[in-house]
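Reading the structure
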Amino acid sequence: MARTAVSTPAAPAAIGPYSQAIVAGGFVFCSGTPGIDPATGALADGIEAQTEQALRNLAAILTAAGSSMASLVKTTIFYTNVEDFPLINEIYARHMPDPAPARSAPANAVLPRGILISIEAIAAVEA
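These numbers were taken from a predicted model, which means no experiment stands behind them.

Let us now look at the layout of surface pockets. Empty space within the largest pocket amounts to approximately 230 Å³. In this structure, the largest pocket is lined by 17 residues; those nearest its centre are Tyr18, Gly32, Thr33, Pro34 and Ser118. In terms of residue count, strand β3 (residues 27-34) provides more of the lining of the largest pocket than any other element does, four residues in total. Looking at the lining of the largest pocket residue by residue, the class counts come to 11 nonpolar, six polar and no charged.

What follows is about the sheet that holds strand β1 (residues 4-6). Taken in spatial order, the six strands make up an open sheet running β1-β2-β3-β6-β4-β5, and their pairing is mixed. With one partner strand each, in any of the chains shown, β1 and β5 (102-104) form the two edges of the open sheet. Sheet twist, expressed as the mean angle between neighbouring strand axes with direction ignored, is 15 degrees. Sheet topology places β3 next to strand β6 (residues 117-124); six bridges connect them, and they run antiparallel. What sits directly across from Phe27, in β6, is Ala124. In the packing of helix α1 (residues 46-64) onto the sheet, the strands contacted are β1, β2 (21-24), β3, β4 (72-79) and β6, and the crossing angle to β3 comes to about 155 degrees. Helix-sheet contacts for helix α2 (residues 85-95) involve β4, β5 and β6, and the interaxial angle to β4 is about 150 degrees.

Let's shift gears to the pattern of salt bridges. For the structure shown, the criterion picks out two salt bridges. With a closest N to O distance of 2.6 Å, Glu52 and Arg94 form a salt bridge. Within this pair, whereas Glu52 is found in helix α1, its partner Arg94 is found in helix α2, the two being separated by 42 residues in sequence. Glu90 serves as the salt-bridge partner of Arg94, at 3.6 Å between the closest nitrogen and oxygen.

Our focus in this paragraph is α1. When the terminal C-alpha atoms of α1 are compared, their 27 Å separation across 19 residues agrees well with the 27 Å that a helix rising 1.5 Å per residue should span. Listed in full, the buried residues belonging to α1 are Ile47, Gln50, Thr51, Glu52, Gln53, Ala54, Leu55, Asn57, Leu58, Ala60, Ile61 and Leu62. Tucked into the core, α1 has its buried residues touching β1, β2, β3, β4, α2 and β6. Directly beyond the C-terminal end of α1, a positive phi value near 85 degrees is found at Gly66.

Rules of the game
- Residues numbered from 1 in each chain as written.
- Predicted model: local features only at pLDDT ≥ 70, side-chain atom pairs only at ≥ 80, totals over all residues.
- Heavy atoms only, no water.
- 1 Å grid on protein atoms, 1.4 Å probe; cavity = no way out; pocket = protein on both sides within 12 Å on 5 of 7 lines; lining within 4 Å.
- Points joined across faces, edges and corners; volume = space filled by probe spheres on them.
- Helix = DSSP H or I, 4+ residues; strand = E, 2+ residues; numbered from the N terminus.
- Nonpolar A, V, L, I, M, F, W, Y, C, P; charged D, E, K, R; others polar.
- Pairing = 2+ DSSP bridges.
- Axes fitted to C-alpha atoms, helices over the stretch in contact; angles between N-to-C directions.
- Contact = heavy atoms within 4.5 Å.
- Salt bridge = Lys/Arg side-chain N within 4 Å of Asp/Glu carboxyl O.
- Expected span 1.5 Å × (residues − 1).
- Buried < 20%, exposed > 50% of the residue type's maximum accessible area, 1.4 Å probe, protein only.

Set out below in structure tokens:
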């Protein structure tokens, strides 16, 4: 099976030995995407801003891979504080297609560099 790496300057560069996403078998597998501004490299301030930025970054990666938020089939949200879940859920809902993708949301994750949220996803490649 062919695997193609996806990289776009419209989302933050990987901060380790991984790709922003891999396209394989008709799907896009997106790495965890934090709320970092790709233009400045700065982490957005607070959970609300980081969630919005992470979702914008995810959308940019999906677009670069030939997909979109409308083609999401599964997401996983890693976040540091379970108390933030209602706000994360509210913001997330505004960005999701109908029907919403399957989702997992483990809380109390320890993330590097002050990151409060990271969203990974699987989407279908659009024809």
